[in-house]
Amino acid sequence: GRPAVEQVLCGDGVLAMYRAICQLRGEKARRLGLKQVLAHACAARDPHCSRALAMFCGLLGDLAGQVALTLGAGGGVVVAGEIVDALGDWFARSPFRRRFEARGRYRDTMRAIPTVVAGRAAQPRLISSS
C-alpha cells in the first residue's frame with residue numbers, strides 16, 4: 001500500500017528509502033543504522049545514502065510547504081528533529097527549501113516565508129498571542 005507521511009519522514013523511513021534505492025539499482029544494501037546513513041551522506045561516501053537523505057529532505061520540504069501555505073504561516077516555519085539536526089550544513093544544501101517553495105503560482109508567497117532549523121541547543125516553546 002501507500003505509506004503514510006509519518007512512516008517516511010522518520011529514521012525508519014530513511015532506512016527504508018536507502019534499502020529501496022539499493023534494490024532499484026540492483027545492489028545489496030549494507031547493514032547500516034540511521035547514524036551511519038547520515039554520516040555517509042554528509043561525507044559524500046555513499047551515493048545511495050545521499051539519495052535517501054535528499055529524498056527525505058525533499059519530502060519534508062513538500063510537507064512543510066503544504067502546511068505553511070494551508071495555515072498561512074507567513075511568520076515562518078521551524079524545523080526540528082534528530083535527523084535534520086544531524087545533517088547540519090548538508091540540510092541547507094538539500095532539496096528542502098526548493099521543494100518548500102515549489103507551490104506553482106504561490107512560489108513568491110513561499111519565498112517570503114522563512115524556515116528556521118531549531119537545533120538541540122534550542123529550547124522550543126509555544127508563544128501565545130493572548
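Please read all numbers here as calculations on a predicted model, not as lab measurements.

*Asks:* Sorry, what's going on with the overall build of the chain here?
*Replies:* Each helix and strand counted, the chain has eight helices and two strands in total. In terms of overall dimensions, the chain has C-alpha extents of about 55 × 35 × 30 Å along its principal axes. Expressed as a percentage of its 130 residues, the buried residues of the chain come to 36%. A fraction of 64% describes how many contacts in the chain between residues 6 or more apart in sequence connect residues 24 or more apart. Taken as two groups, the 19 positive and 10 negative side-chain charges of the chain have centres that lie 2 Å from each other.

*Asks:* Honestly, the pattern of salt bridges in this entry has me stumped. Any pointers?
*Replies:* Pairing between side chains of opposite charge can happen when their charged atoms approach one another. Per the counting criterion, the structure on display carries five salt bridges. Where D46 meets R30, a salt bridge forms, and the shortest distance between an N and an O atom there is 2.6 Å. You can see D46 sitting in the loop between α3 (34-42) and α4 (47-71) and its partner R30 sitting in the loop between α2 (11-24) and α3, a full 16 residues away along the chain. One salt bridge in this structure joins R111 and E101, with 3.6 Å as the shortest N-O distance.

*Asks:* Looking at this structure, how should I read the packing of α3 against α4?
*Replies:* Two packed helices can be described by the angle between their axes and the distance between those axes. Direction vectors running N to C along α3 and α4 enclose 100 degrees, while the axes themselves pass 8 Å from each other. Compared by their axis directions, α3 and α4 come out roughly perpendicular. Between α3 and α4, the contacting residues are V37, L38, H40 and A41 on the first element and C49, S50 and L53 on the second.

*Asks:* Quick question: what am I supposed to make of the nonpolar core here?
*Replies:* Nonpolar side chains in soluble globular proteins generally cluster together in the buried interior. Membership of the largest hydrophobic core comes to 33 residues, with the highest contact counts inside it found for L53 and F56. Here this core gets nine residues from one element, more than from any other, and that element is α4. In contact with L53, other than residues within four places in its own chain, are V14, V37, L38, A41, I83, L87 and W90.

*Asks:* Explanation requested: α3 in the structure shown.
*Replies:* Counting along an α-helix, one turn takes 3.6 residues, and residues three or four places apart therefore face a common direction. Within the span of α3, buried status applies to L34, V37, L38, H40 and A41. The buried residues of α3 occupy an angular sector of 165 degrees when the element is viewed end-on, so they sit on one face. The elements touched by buried residues of α3 are α2, α4, α5 (82-87) and α6 (89-93). Phi turns positive one or two residues past the end of α3, at A44, with a value near 55 degrees.

*Asks:* Help me understand α2 in this model?
*Replies:* With 14 residues, α2 should reach 20 Å at 1.5 Å per residue; the first-to-last C-alpha distance of 20 Å fits that figure. For α2, the full list of buried residues reads G11, G13, V14, L15, M17, Y18, I21 and C22. Its buried side turned inward, α2 meets α1 (5-8), α3, α4 and α5. Remark: G26 follows α2 within two positions and exhibits a positive phi of approximately 75 degrees.

*Asks:* What am I meant to see in the environment of D46 here?
*Replies:* On the basis of relative accessible area, D46 is assigned to the buried category, the value being 7%. Excluding residues that lie within four positions of it along the chain, D46 makes contacts with Y18, R30 and H40. A polar contact is formed between the side chain of D46 and the side chain of R30, at a distance of 2.6 Å.

*Asks:* Please clarify how the pairing of strand β1 (residues 77-80) should be interpreted in this entry.
*Replies:* The side chains of a regular strand alternate, residue by residue, between the two faces of the sheet. Burial along β1 is one-sided: the face carrying V77 and V79 is buried and the face carrying V78 and A80 is not. In terms of strand pairing, β1 meets strand β2 (residues 115-118) through four bridges, oriented parallel. Its bridge partner being in β2, V77 is matched across the sheet by T115.

Rules of the game
Residues numbered from 1 in each chain as written. Predicted model: local features only at pLDDT ≥ 70, side-chain atom pairs only at ≥ 80, totals over all residues. Heavy atoms only, no water. Helix = DSSP H or I, 4+ residues; strand = E, 2+ residues; numbered from the N terminus. Buried < 20%, exposed > 50% of the residue type's maximum accessible area, 1.4 Å probe, protein only. Contact = heavy atoms within 4.5 Å. Lys, Arg positive; Asp, Glu negative; His and termini not counted. Charge placed at Lys NZ, Arg CZ, Asp CG, Glu CD. Salt bridge = Lys/Arg side-chain N within 4 Å of Asp/Glu carboxyl O. Axes fitted to C-alpha atoms, helices over the stretch in contact; angles between N-to-C directions. Parallel < 35°, antiparallel > 145°, perpendicular 65-115°, else oblique. Core = buried A, V, L, I, M, F, W, Y, C linked by side-chain atoms within 4.5 Å. Arc of directions from axis to C-beta. Expected span 1.5 Å × (residues − 1). Polar contact = N/O pair within 3.5 Å; in protein donor to acceptor, adjacent residues only side chain to side chain. Pairing = 2+ DSSP bridges.

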